[in-house]
Amino acid sequence: MQYRTLGRTGVQVSTLALGAMNFGAIGRTTQEEATAVVDAALEAGVNLIDTADWYGEGQSEEMVGKAIAGRRDDIVLATKATMPMGGRNRQGGSRRWLFTALDDSLRRLGVDHVDLYQMHRWDPTTSDEETLSALTDLQRAGKIRYFGSSTFPAYRIVQAQWAAREHRLNRYVTEQPSYSMLQRGIEAHVLPVTEEYGMGVLAWSPLASGWLSGAVRKGRDVATHRSGVLPERFDPSLPHNQARYDAVERLAEVADEAGLTLIQLALGFVNAHPAVTAALIGPRTVDHLRSQLAAADTVLPADVLDAIDEIVAPGTDLAPGEKFDTPPALLDASLRRRR
């Protein structure tokens, strides 16, 4: 396992980090299975575990807490807030909610602090000063060591950094964006900004929701867990999906020629970017985990990276409709039309 410094925090984290979204209802993973995954990940040298209150409405945090009991100090523990947790004011980035949300997360995790507390999404209804002030106070209270953002558009990352300086508050030290060989849009804007501010980057969905797992190939029936939940994302009749099927076939050839699995190629690609600190893997089973841990020491040579660029151009998203950092004004017509 390789390790890198998380931004400018001085904290060393493994370049493959364990994402726990599939623990519980989302992945239909039992406590026994989740604990086995955590055990195997820690044994392999993974030292960062990432979860969120929203995953399974708290189930993931509870499972992580039970799985790490007795070895908390060996783990860089991260969780997230802002997504709806039931009730009008049980979401977002307000001081009122964040104080409650963090206490709920700490209780479910069975710990007295988390190492990294992340805003799961940007909340356009709450000012940066409000959110950063609350997070700074939680940090000073010792309940969180650092805080970061997740899936923020580049301009919001910049705005938050400016607000922290303007109001003399602590700042986001990490960003967690979606990044893979098939979704490279953040190379054009988000990653240059995180490098400018010295932020750590934890890339989620490096296997593109299963597209790069080796289980999704042209001419075959797709029977992944994700395809059962979101079949439209794998419908070959849709042009953007056809583009992904074509790209996967060509990427699989690149992997074969390099003597790698498609998973190794995908994870090696994400970790090759100088702005990326770690790729977040989200296995449901120990077998899934082991297939991904095989990429722990994968370093892609320049000719392989060039071949990937030929298939999916730098800064390109093959499925732009599946981005999660689209500005609200593009989603809500009332925000872009004169009243």
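Provided above is the structure to which this section pertains.
Below is a short write-up of the structure.

1. Looking at the overall build of the chain
Phase 1 of the analysis: Counting its regular elements, the chain contains 12 helices and 10 strands.
Phase 2 of the analysis: Over its C-alpha trace the chain gives a radius of gyration of 19 Å, about what one expects of a compact globule, namely 20 Å for 339 residues.
Phase 3 of the analysis: The proportion of buried residues among the 339 residues of the chain is 54%.
Phase 4 of the analysis: Here the chain displays about 15,000 Å² of accessible surface, and carbon together with sulfur accounts for 49% of that area.
Phase 5 of the analysis: When the 36 positive and 43 negative side-chain charges of the chain are each reduced to one mean point, those points stand 7 Å apart.

2. Some details on the pairing of strand β7 (residues 144-150)
Phase 1 of the analysis: Counting buried residues along β7, 5 of its 7 residues qualify, which places the element largely inside the surrounding structure.
Phase 2 of the analysis: As judged from the 5 bridges shared by strand β6 (residues 114-119) and β7, these two strands associate in the parallel manner. The partner of Gln118 across the bridge, within β7, is Gly148.
Phase 3 of the analysis: Once you follow β6 into helix α4 (residues 128-140) and on to β7, the crossover reads as right-handed.
Phase 4 of the analysis: One ladder, built from 2 bridges, connects β7 with strand β8 (residues 174-176); its direction is parallel. Across the sheet, the residue bridging to Ser149 is Glu175, located in β8.

3. Some remarks on the side chain of Thr51
Phase 1 of the analysis: Along the chain, Thr51 falls in the loop between β4 (48-50) and α2 (59-67).
Phase 2 of the analysis: In terms of polar contacts, Thr51 uses its side chain to reach the side chain of Ser60, at 2.7 Å.
Phase 3 of the analysis: Beyond its immediate chain neighbours, meaning those up to four positions away, Thr51 contacts Ala20, Ser60, Glu61, Val64, Ala78, Thr79, Lys80 and Leu109.

4. Considering the packing of helix α3 (residues 95-109) against α4
Phase 1 of the analysis: The interhelical angle for the contact between α3 and α4, taken along N-to-C directions, is 35°, at an axis separation of 9 Å. The way α3 lies across α4 gives a crossing that is right-handed. Of the residues in α4, those touching α3 at Arg95, Leu98, Phe99 and Leu102 are Glu130, Thr131, Ser133, Ala134, Leu135, Asp137 and Leu138.
Phase 2 of the analysis: Each residue belonging to the contact of α3 with α4 can be placed in one class, and the counts come to 6 nonpolar, 2 polar and 3 charged.

Cut-offs and rules
- Residues numbered from 1 in each chain as written.
- Predicted model: local features only at pLDDT ≥ 70, side-chain atom pairs only at ≥ 80, totals over all residues.
- Heavy atoms only, no water.
- Helix = DSSP H or I, 4+ residues; strand = E, 2+ residues; numbered from the N terminus.
- Rg over C-alpha atoms; globule rule 2.2 N^0.38 Å.
- Buried < 20%, exposed > 50% of the residue type's maximum accessible area, 1.4 Å probe, protein only.
- Areas by Shrake-Rupley, 256 points an atom, 1.4 Å probe, with all protein chains shown as cover.
- Lys, Arg positive; Asp, Glu negative; His and termini not counted.
- Charge placed at Lys NZ, Arg CZ, Asp CG, Glu CD.
- Pairing = 2+ DSSP bridges.
- Right-handed = clockwise from strand over helix to strand, strands pointing away.
- Polar contact = N/O pair within 3.5 Å; in protein donor to acceptor, adjacent residues only side chain to side chain.
- Contact = heavy atoms within 4.5 Å.
- Axes fitted to C-alpha atoms, helices over the stretch in contact; angles between N-to-C directions.
- Left-handed = near helix turned anticlockwise from the far one by under 90°.
- Nonpolar A, V, L, I, M, F, W, Y, C, P; charged D, E, K, R; others polar.

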